[in-house]
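Take a look at the letters that make up each chain.
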Amino acid sequence: MTTVSSTLSVPQTGSVPRHIAIIMDGNGRWATRRLLPRTAGHMKGLETVRDTVKACAERGVAFLTVFAFSSENWRRPPEEVSFLMKLFRTTLEREVSKLHANGIRLKVVGDRNRFDARLQEMIDAAEALTAENKRLTLTICANYGGRWDIMQAFGKMRAQDPNAETFTEENLTPHLSMAYAPEPDLFIRTGGEMRISNFLLWQLAYTEMYFTDTFWPDFDATALDAAIASYRQRERRFGRTSEQLIEK
Ligand code: IPE
Ligand code: IPE
Ligand code: MG
């Protein structure tokens, strides 16, 4: 079972994180430092996504989740928002067949209703095409917010059992948008900020956190290995004592 809850039982862990979740931040600043438009940073950041998918697959990571566009990113200047939407579309057009050829399953999570109809169709088609791939699951969080996710799950849970007075974690979690994946083992945020910015609020309960000043466009395989090396140093106690871990 992949969806073991870290609060209901102690998950199995290994030296390679099974699930890495990344806030890809710093594209704009990367570009501005080079006197380039922010959009150049987003394009360069896309190359980093490609390289990171490959590096994760090679290292045996089973789930890679990347935050591409938050539910709050609509607050950006309209030109930047429309550039990002266009980039999402062209990326799906160009990359899905390559992902499929490489055994990657693609998932897109977030509120899709705000995307135009054509983009929604493309997402559905990409997910359907790659659904059976086993090598790595790449999840793109787009128009995603952790609070949105919890609220939409809550709504579905209520709809399933409208007369229930109390609910348990087990009633809620199957409705979360990433119910198909284990909770992230390792969280990475590039770009120097140390905040969650409404990413996977529920799922990060016991995730190991790693923050780096490196801007996303500069985050290469060496930087990924540094994050994984840091992860390996951590003692994942899930509420227990160190002594209990040694006894095992
Ligand atoms: C992350 O980089 C990408 C998106 C949010 C789409 P930013 O665009 O936030 O880059 P900075 O933080 O302004 O440098
Ligand atoms: C978080 O980055 C969202 C994504 C990377 C998609 P932001 O750049 O939007 O986060 P804040 O505004 O600095 O918290
Ligand atoms: Mg940012």
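Residues numbered from 1 in each chain as written. Chains lettered and ligands numbered in written order. Predicted model: local features only at pLDDT ≥ 70, side-chain atom pairs only at ≥ 80, totals over all residues. Heavy atoms only, no water.

Visitor: What should I look at first to understand the nonpolar core in this one?
Guide: Taken as a class, soluble globular proteins show a tendency for nonpolar side chains to be buried jointly. Counting 42 residues, the largest nonpolar core has Ile20, Leu64, Phe88, Leu138 and Ile188 as its most contacted members. Counting residues per element, this core draws most heavily on helix α3 (residues 78-101), which supplies seven residues. If you look at the next biggest cluster of nonpolar residues, it comprises 14 residues, including Ala21, Tyr144, Tyr180 and Leu200. (Core = buried A, V, L, I, M, F, W, Y, C linked by side-chain atoms within 4.5 Å. Buried < 20%, exposed > 50% of the residue type's maximum accessible area, 1.4 Å probe, protein only. Helix = DSSP H or I, 4+ residues; strand = E, 2+ residues; numbered from the N terminus.)

Visitor: Explanation requested: the sheet that holds strand β2 (residues 63-70) in the structure shown.
Guide: Where strands meet in a sheet, backbone hydrogen bonds hold them as pairs that are either parallel or antiparallel. If you trace the six strands from one edge of the open sheet to the other, you get β3-β4-β2-β1-β5-β6, paired in parallel fashion. Looking at which strands have only one partner, the edges of the open sheet turn out to be β3 (104-109) and β6 (208-211). Adjacent strand axes in the sheet meet at a mean angle of 20° when their direction is disregarded. Direction of pairing for strand β1 (residues 19-23) relative to β2: parallel, over a ladder of five bridges. Residue pairing in the sheet places isoleucine 23 in a bridge with phenylalanine 67 of β2. Against the sheet, helix α2 (residues 38-58) contacts β1, β2, β3 and β4 (136-144), and its axis sits at roughly 145° relative to β4. Sitting on the sheet, helix α7 (residues 221-233) is in contact with β1, β5 (186-189) and β6, with an inclination near 135° to β5. (Pairing = 2+ DSSP bridges. Axes fitted to C-alpha atoms, helices over the stretch in contact; angles between N-to-C directions. Contact = heavy atoms within 4.5 Å.)

Visitor: Sorry if this is basic, but what is going on with the layout of surface pockets here?
Guide: Using a probe with the size of a water molecule, rolled over the atoms, empty space left in the structure can be pinpointed. Within this model, the largest pocket holds a volume of roughly 1,200 Å³. Together, 47 residues line the largest pocket, and Met24, Asn27, Val49, Phe67 and Ala68 are the ones closest to its centre. Elements represented by at least two residues in the lining of the largest pocket include exactly α1 (27-33), α2, β2, α3, β3 and β4. Here the lining of the largest pocket takes 10 residues from α3, the largest share from any one element. In terms of residue class, the lining of the largest pocket is made up of 24 nonpolar, 10 polar and 13 charged. (1 Å grid on protein atoms, 1.4 Å probe; cavity = no way out; pocket = protein on both sides within 12 Å on 5 of 7 lines; lining within 4 Å. Points joined across faces, edges and corners; volume = space filled by probe spheres on them. Nonpolar A, V, L, I, M, F, W, Y, C, P; charged D, E, K, R; others polar.)

Spatial relationships are all this shows, so hold off on functional conclusions.
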